[in-house]
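One letter stands for each residue in the lines below.
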Amino acid sequence: PVVHHDPTLDRTTDATGPLAMRTLAELRRVDAGAGFTRDGGRTYPFRATGVTIPTLDEVLGAFAVMPLLIELKVAEAAGPVRAVLA
C-alpha cells in the first residue's frame, strides 16, 4: 500500500490516471512534488527534487511514535494495509 490523498495522480504529480492502475515501480518514478505551490503557481519548490509517493511501511517507519489516522480510499486496500500493520 502507498500513501496518497487522491485516487488519481493528476492533481498532485507529474503523472495522470488512477493510482490503482500503476505498479509500485511505476509509482516510484512519479514526481509527487510536481504540483505543490505556495504562491498560486508562480513557483513549484518541490518539483524535480526527488519527492516520491511513499509506501505505508515507509510512513510508519518515519513516524513510528506519532499517532496516525489511516483512511482507506478503496475497500481492496484493507487486506494489504492490515498485513503492513500486523
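Since this is a predicted model, take the numbers as computed values, not measurements.

Undergrad: Just to check I follow, could you spell out the packing of aromatic side chains for this structure?
TA: The description of an aromatic ring pair rests on the distance of the ring centres and on the angle between the ring planes. Tallied over the full model, the rule gives one aromatic pair. With a centroid separation of 5.3 Å and an interplanar angle of 55°, the aromatic rings of Phe 36 and Phe 46 are classed as tilted. Here Phe 46 lies in the loop between helix H1 (24-28) and helix H2 (56-62) and Phe 36 lies in the loop between H1 and H2, a separation of ten residues in the sequence. Phe 36 gets classed as partly exposed once you look at its relative accessible area, which sits at 36%. For the cation-ring pair, Arg 47 lies above Tyr 44, with the distance from its terminal atom to the ring centre recorded as 3.9 Å.

Undergrad: Before we go on, may I ask you to explain the pattern of salt bridges in this structure?
TA: Side chains bearing opposite charge may pair, as long as their charged atoms lie close to each other. Across all of its chains, the model carries three salt bridges by this definition. Across the pair Arg 11 and Asp 6 runs a salt bridge, and its minimum N-O distance is 2.7 Å. Take Asp 6: its relative accessible area is 10%, and that puts it in the buried class. For the salt bridge of Lys 73 with Glu 71, the shortest nitrogen-to-oxygen distance reads 3.5 Å. For Lys 73, a relative accessible area of 44% puts it in the partly exposed group. When its relative accessible area of 60% is taken as the criterion, Glu 71 is described as exposed.

Rules used in this analysis
Residues numbered from 1 in each chain as written. Predicted model: local features only at pLDDT ≥ 70, side-chain atom pairs only at ≥ 80, totals over all residues. Heavy atoms only, no water. Phe/Tyr/Trp six-rings, centres within 6.5 Å; stacked < 30°, edge-to-face > 60°. Helix = DSSP H or I, 4+ residues; strand = E, 2+ residues; numbered from the N terminus. Buried < 20%, exposed > 50% of the residue type's maximum accessible area, 1.4 Å probe, protein only. Lys NZ or Arg CZ within 6 Å of the ring centre and 35° of its normal. Salt bridge = Lys/Arg side-chain N within 4 Å of Asp/Glu carboxyl O.

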